[in-house]
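Chain by chain, the residues:
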4 protein chains.
Amino acid sequence: MSASTTQSEVERFEAALLKAPFHRWLGLRVKSVSSTMIEIILPGREELVSSPQFDATHGGILATLIDLTGLYAVRVAGGNATSTLDLHVDYLKTAKSGPLTAVGKTVKLGRRVSVAETKVYDSAGVMVAAGRGAYVGRD
Amino acid sequence: MSASTTQSEVERFEAALLKAPFHRWLGLRVKSVSSTMIEIILPGREELVSSPQFDATHGGILATLIDLTGLYAVRVAGGNATSTLDLHVDYLKTAKSGPLTAVGKTVKLGRRVSVAETKVYDSAGVMVAAGRGAYVGRD
Amino acid sequence: MSASTTQSEVERFEAALLKAPFHRWLGLRVKSVSSTMIEIILPGREELVSSPQFDATHGGILATLIDLTGLYAVRVAGGNATSTLDLHVDYLKTAKSGPLTAVGKTVKLGRRVSVAETKVYDSAGVMVAAGRGAYVGRD
Amino acid sequence: MSASTTQSEVERFEAALLKAPFHRWLGLRVKSVSSTMIEIILPGREELVSSPQFDATHGGILATLIDLTGLYAVRVAGGNATSTLDLHVDYLKTAKSGPLTAVGKTVKLGRRVSVAETKVYDSAGVMVAAGRGAYVGRD
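The model shown is predicted, which means the values in this text are computed figures rather than measured ones. (Residues numbered from 1 in each chain as written. Chains lettered and ligands numbered in written order. Predicted model: local features only at pLDDT ≥ 70, side-chain atom pairs only at ≥ 80, totals over all residues. Heavy atoms only, no water.)

**Student:** Give me the packing of aromatic side chains: which residues, what numbers.
**Tutor:** Throughout the structure, instances matching the rule amount to six aromatic pairs over all chains. Ring plane angle 10° and centroid distance 6.0 Å describe the contact between Phe22(A) and Trp25(A), whose orientation is recorded as stacked. Pair noted here: Phe22(A) and Trp25(A) are both in helix H2 (residues 21-26), with a separation of three residues, about one helical turn. Exposure class is identical for Phe22(A) and Trp25(A). Each is buried. One aromatic cluster is present, built from ring pairs that chain together Phe22(A), Trp25(A), Phe22(B) and Trp25(B). Positioned over the ring face of Tyr72(B) is Arg75(B), at 4.8 Å from the centre of the ring. (Phe/Tyr/Trp six-rings, centres within 6.5 Å; stacked < 30°, edge-to-face > 60°. Helix = DSSP H or I, 4+ residues; strand = E, 2+ residues; numbered from the N terminus. Buried < 20%, exposed > 50% of the residue type's maximum accessible area, 1.4 Å probe, protein only. Lys NZ or Arg CZ within 6 Å of the ring centre and 35° of its normal.)

**Student:** Any chance you could break down helix H3 (residues 59-76) of chain A for me, citing the residues and the numbers?
**Tutor:** Quick reminder: α-helices carry 3.6 residues per turn. Residues three or four places apart thus point the same way. All names here are of chain A. End to end, H3 covers 26 Å across 18 residues, agreeing with the expected 26 Å (1.5 Å per residue, within 8%). In terms of burial, H3 is largely enclosed, as 17 of its 18 residues are buried. Looking one or two residues past H3, Gly 78 carries a phi angle of roughly 95°, positive in sign. (Expected span 1.5 Å × (residues − 1).)

**Student:** Could you give me a rundown of the relation of the copies chain C and chain A, with the residues and numbers involved?
**Tutor:** The operation relating chain C to chain A is a screw motion whose rotation component is 180°, with 0.0 Å of axial translation and a residual RMSD of 0.0 Å. Such a combination of turn and shift is consistent with a two-fold rotation axis. Using C-alpha coordinates, one finds that chain C approaches the rotation axis most closely at Arg112(C), a distance of 3.8 Å. Mapped onto chain A, 100% of the interface residues of chain C again fall at the interface, so both copies present the same surface. (Least-squares fit on C-alpha atoms with pLDDT ≥ 70 in both. Contact = heavy atoms within 4.5 Å.)

**Student:** Can you break down empty space enclosed by the protein residue by residue, with the values?
**Tutor:** Enumeration according to the criterion identifies five cavities of 30 Å³ or more in this entry. The calculated volume of the largest cavity comes to roughly 190 Å³. In terms of lining residues, the largest cavity is bounded by 19 residues, among which Glu117(B), Arg132(B), Glu117(C), Gly131(C) and Arg132(C) are the most central. Elements with a contribution of two residues or more to the lining of the largest cavity: strand E5 (83-91), strand E7 (113-121) and strand E8 (127-136) of chain B together with strand E5 (83-91), strand E7 (113-121) and strand E8 (127-136) of chain C. Ranked by the residues each element gives to the lining of the largest cavity, the list is headed by E7(B), at four residues. Glu117(A), Gly131(A), Arg132(A), Glu117(D) and Arg132(D) are the residues nearest the centre of the second largest cavity, which is lined by 16 residues in total. Residue assignment for the lining of the second largest cavity shows that the elements contributing at least two residues are strand E5 (83-91), strand E7 (113-121) and strand E8 (127-136) of chain A together with strand E5 (83-91), strand E7 (113-121) and strand E8 (127-136) of chain D. Of the residues belonging to the lining of the second largest cavity, the class tally is two nonpolar, six polar and eight charged. (1 Å grid on protein atoms, 1.4 Å probe; cavity = no way out; pocket = protein on both sides within 12 Å on 5 of 7 lines; lining within 4 Å. Points joined across faces, edges and corners; volume = space filled by probe spheres on them. Nonpolar A, V, L, I, M, F, W, Y, C, P; charged D, E, K, R; others polar.)

**Student:** Lay out the sheet that holds strand E2 (residues 37-42) of chain A in plain terms, naming residues and giving numbers.
**Tutor:** Read across the open sheet, the twelve strands follow the order E1(A)-E2(A)-E6(A)-E7(A)-E8(A)-E5(A)-E5(B)-E8(B)-E7(B)-E6(B)-E2(B)-E1(B); overall the sheet is antiparallel. Since the sheet does not close on itself, it has two edges, and those belong to strand E1 (29-33) of chain A together with strand E1 (29-33) of chain B, each with one partner. When the angles between neighbouring strand axes are averaged without regard to direction, this sheet yields 20°. Note that strand E2 (residues 37-42) of chain B and strand E6 (residues 100-108) of chain B share six bridges and pair antiparallel. Bridging across to E6(B), Ile40(B) finds its partner in Ala102(B). Each of E1, E2, E5, strand E6 (100-108), E7 and E8 of chain A together with E5 of chain B is contacted by H3(A), which is oriented at about 130° to E5(A), the strand it contacts most. Taken strand by strand, helix H1 (residues 7-17) of chain B contacts E1 and E2 of chain B, and its axis lies near 140° from that of E1(B). (Pairing = 2+ DSSP bridges. Axes fitted to C-alpha atoms, helices over the stretch in contact; angles between N-to-C directions.)

Treat this as a map of the structure, not an account of what it does.
Structure representation (structure tokens):
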């Protein structure tokens, strides 16, 4: 845990994250938070597999992780993000099933629209996907 | 069902679709197939909600639908698509929970890379998201 | 020219378009305007070539066309668009040098952010690129 | 110039870059090259302005810079990149007219498709745009 993370901040953002039923079903956890980034862990579960033959996590799940981690990256930076405007994902390597770690950082903290970049790593530390989202907040 | 769809084609693509554990968990069904498009239905389920307050389907689920529908749109057009290279999603309206219909069409059928566009409609026929994916096949 | 286009609207939007020095250098012209779409023509010029060997128009020029045509598509639909938030382009075919026609349509007319899709055709009517932009206006 | 750049490499990639008529018209120069990144400079010129009122460089020019710098980032990393498959650009700040510096890095060096990220800075060192391209090479 980095020096800038306090346990109470991790708990606060994890509680906010887990208000969403889909996030609870995924079993997401917040690993660390600072004023510029957030790390979120997705444990593996067998329903998330897309190809049993290649034991690969579904690309939609990687997109989901990039979407939600970027939104929380804007929030930890003090931005107002409640919904996603648009999302882009690059798939870099096949993501084997198992735990994934998503690291999100804010690129633009805007008055109306904010942008965050997120990278997703497998349990061996290999980056399997990267992407960005643009987020807006309610007035 | 359009004139160009036969029941056996619908069944064949639905069987292929449901080999993925995540697709089975989502309860996806193929509604229609032609040589240029595919319609896929996602029934609602309560785990897919992102915001209980707004009863909204999670953006990651919409991204998942656009990803997989585009991949199958390339396949019904005769293309070789086994994995997604990159994905872009525009979120247009809040998608209330409930069944969603995704309509995918191939934009580019390439030797190495194909591109498909997918639009997602809610049960009232309102387009709630649109996006595109670039897909590659195994040699 | 479509029934919904008047010559004065074409002239009004072309005059606005040509306030930008880069648009003047490109020699852009407005071909038609309706409340839902705009067609813009880029005449060929030899400086726009990227590969002399393949006589191809530079991908950045296609991106430029998609960017600006989408912004004007939002404007003809009554939206407030003054700058681009983000842009996505799919390159579908090599665009030979020569005149190109860009057709832009609004997908989402938002209070804060609008989205437009643009397709670019070569002089033979073949779609060579397609993309979308998200646009914001000044308050 | 970084330790890993030799003057001959800079000259070699600049010569390749300037085979494109559009790159010559833009007056591009290669500032530095290493096995993982390339820096390219675009001098200002008055034809590149989109809004005289705000003295802003056209968004299409920023997209052009991201497109071509990413393609060369793949090449300096040893990848085979001859054309762009798709391109995404985030506009972060208004880019005032004047020289811009684009820094491209390869994210994925693939057998068929490579991905590079590029950031564009103004003369004060402020990042004004960021984006990525996916590139393919001829067989």
